[in-house]
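Structural features, examined
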Amino acid sequence: MSTLPNAPSPEALTEWDRDHHLHPWAGTEGFGTDEYMRVNTADGIYVWDGDGKKYIDGPGGMWCVQIGYGRQDMADAIAKQVMEMPYASPWSFTSEPAAVLARMIAERAPGDLNTVHFTTGGSTAVDTALRTALFLNERLGRPEKKLILSREKAYHGSTYLAASVTGKERFETSFDKADSLVHFLPDVNPYHRPEGMSIEAWCDAKVADLENAISVFGADRIAAFIAEPILCSGGVIIPPEGYHQRTFEICRKHDILYISDEVVTGFGRLGHWFASQDVFGIKPDMITCAKGLTSGYLPLGACILSDEVIERLSDAEGEDVFYNGYTYSGHPVSCAAAIKNIEIMESENILSHVRRVTPHFQSRLKSIQEKFEIVGETRGMGLLGCVECRPALDEKSYEAYSRFGQKLDDACEARGLLLRPFGNMAVFSPPLIMSEKQIDDMFDIMEAGLEELSAE
């Protein structure tokens with residue numbers, strides 16, 4: 001029930017949202033007609049809709065609710081900072097939360113990634129990393145070294161540059177992108193390798209894709225390679241073992257900056273603060289992060305830069321300005337939320353908890369593939385998972401798969417589980433505090449939904 005004074009009726013809220021609120025990824029044919037579930041309250045791993053129905057939050061908000069909902073200690077930290085100093089211009093001032101958080105992130109980032117530029121979220125963190133790569137080459141007198149390499153199925157955000165390096169199918173819209181700045185490497189998903197090809201051979205082919213691109217365009221034209229450790233929004237795609245180390249070494253050899261987009265994998269999703277080094281054995285030139293940085297309690301992102309990048313920017317000839325920043329860069333209240341988030345994760349050993357429950361989570365996920373003929377593959381790592389179905393549909397199109405995915409979503413939602421459907425796939429990134437019992441509850445509902453669709 002709403003706590004607002006003179007609370008509007010549920011019918012009025014639905015009407016106002018439909019008539020005045022343009023949601024992300026809204027189809028143009030649905031403007032003014034789509035109706036969204038209204039979530040009113042949340043606690044732990046659960047959310048309740050406007051009718052009071054309880055759901056397990058399978059997507060964890062949007063890959064971000066690490067410590068769970070309803071934390072009074074987080075609310076207290078936010079309220080305290082609001083009263084002490086709610087805003088400080090990052091152009092003119094700093095604040096204690098911004099300075100403390102920058103230090104905390106640098107201490108937890110791999111290698112020499114010691115400089116933090118705060119942004120408003122993941123998209124602006126990616127924009128910052130890309131602009132920095134282009135800025136560096138301009139500073140070094142290499143204006144032709146501006147091409148960005150990305151990958152099919154990648155998702156990096158919805159600002160202009162971040163959307164330009166995004167390779168998901170659904171991004172084929174009429175929105176303009178900086179197509180001349182990017183080249184996409186082919187799909188790295190081992191599930192899509194040719195029949196009979198080994199994982200090792202697939203890895204060789206994917207590494208060769210990078211080498212071929214460098215051969216075609218020339219290393220003197222390529223500024224950076226941006227890569228998610230796991231292509232999360234594209235379907236929790238885990239590149240073959242050794243791929244990250246080998247592509248990183250190639251980038252180093254050709255003076256191509258390596259940008260690791262850890263907007264999803266950062267801050268505990270795989271049981272570590274960052275996955276780049278601890279899980280995949282690489283030390284990038286830049287890391288982008290957001291989402292789990294504040295557990296979704298407030299918007300905040302960051303681009304973390306290595307000492308080497310900072311030194312090259314500083315040592316280049318001539319004075320210049322790092323002309324990148326936002327009104328809400330280093331926002332004191334958002335930074336206070338991130339500090340409290342890190343403190344909670346450490347005091348409650350959440351990273352250890354993730355590593356402890358991961359085997360059970362992944363075992364339940366894997367068993368789905370063994371139980372259901374309609375499931376082509378399950379894959380995941382840490383508390384990330386994807387169920388990719390292979391429905392027997394007459395029409396093999398993204399639209400047809402999306403209709404199927406919506407049916408699965410509806411079947412699970414009716415039983416109390418929220419999913420994030422994408423075509424014929426459903427992805428999971430639940431709050432990191434999930435217990436083994438709650439993991440079982442989630443997958444039990446998922447299996448019941450798959451049974452319903454299998455019967456159809």
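Heads up: the structure comes first, above all this text.
Below is a short write-up of the structure. (Residues numbered from 1 in each chain as written. Predicted model: local features only at pLDDT ≥ 70, side-chain atom pairs only at ≥ 80, totals over all residues. Heavy atoms only, no water.)

**Considerations on the packing of aromatic side chains**
Definition in use: Any Phe, Tyr or Trp ring, taking Trp's six-membered ring, that has another such ring centre within 6.5 Å forms a pair; planes under 30 degrees apart are called stacked, those over 60 apart edge-to-face, and the others tilted. The classification of residues rests on relative accessible area computed with a 1.4 Å probe and restricted to protein chains. Under 20% of the type maximum is buried, over 50% is exposed, and intermediate values are partly exposed. Sitting over a ring, as applied to charges here, requires NZ of Lys or CZ of Arg to be within 6 Å of the ring centre and within 35 degrees of the ring normal.
This model, assessed by the stated rule, comprises ten aromatic pairs. Ring geometry for F267 versus W273: centroids 5.9 Å apart, planes at 75°, classification edge-to-face. Accessibility assignment for this pair places F267 and W273 in one class, buried. An aromatic cluster is defined as three or more aromatic residues linked by ring pairs; in this entry it consists of F225, F248 and Y258. Seen from the ring of W202, K206 lies directly overhead, with NZ or CZ sitting 4.4 Å from the centre.

**Details of the environment of E211**
The condition is simple: Strands here are runs of E lasting at least two residues and helices are runs of H or I lasting at least four, both read from the DSSP assignment and numbered beginning at the N terminus.
Relative to the elements of secondary structure, E211 occurs in helix α7 (residues 199-217). In the structure, E211 is positioned 39 residues away from I250 in sequence and 7.6 Å away in space, judged by C-alpha atoms.

**Here's the deal with the side chain of D261**
Applied cut-off: Asp and Glu are treated as the negative residues and Lys and Arg as the positive ones, with His and the ends of the chain left uncounted. Definition used for salt bridges: Asp or Glu carboxyl oxygen within 4 Å of a side-chain nitrogen of Lys or Arg. What qualifies as a polar contact is a pair of N or O atoms within 3.5 Å, subject to a donor-acceptor requirement within protein and to the restriction that residues adjacent in sequence count only when both atoms come from side chains. In what follows, a contact means two residues having at least one pair of non-hydrogen atoms within 4.5 Å.
Summarising the element assignment, D261 is placed in strand β8 (residues 257-261). No salt bridge is formed by the buried D261; the nearest opposite charge belongs to R151, separated by 8.7 Å. Engagement of the side chain of D261 in a polar contact is seen with the side chain of H156, the distance being 2.7 Å. Looking at D261, its side chain comes within polar contact range of the main-chain nitrogen of V263, at 3.1 Å. D261 has contacts with V126, Y155, H156, I226, A227, E228, P229 and T288, leaving out every residue within four places of it along the chain.

**Observations concerning helix α5 (residues 122-139)**
To be explicit about the condition: An expected span of 1.5 Å times one less than the residue number is assigned to each helix.
In a regular helix each residue adds 1.5 Å, so 18 residues correspond to 26 Å; α5 covers 25 Å between its end C-alpha atoms and thus fits that length. When you tally the buried positions in α5, you get 16 out of 18 residues, the bulk of the element. Looking one or two residues beyond α5, the residue adopting positive phi is G141, at roughly 75°.

**Thoughts on the sheet that holds strand β7 (residues 222-227)**
Note the following rule: Strands were regarded as paired on the criterion that DSSP finds at least two bridges between them. Orientation is described by axes fitted as lines to C-alpha atoms, over the contacting stretch for helices, and by angles from 0 to 180 degrees between their N-to-C directions.
One open sheet holds the seven strands; their spatial order is β4-β10-β9-β8-β7-β5-β6, and the pairing between them is mixed. The sheet terminates laterally at β4 (113-119) and β6 (182-185), the two strands that pair on one side only. Each neighbouring strand pair of the sheet contributes to a mean axis angle of 20°, computed without reference to strand direction. Pairing of β4 with strand β10 (residues 301-306) involves six bridges; the strand directions are antiparallel. Directly across from T119, in β10, lies its bridge partner G301. Contacting β4 and β10, helix α4 (residues 96-108) runs over the sheet at an angle of about 135° to β4.

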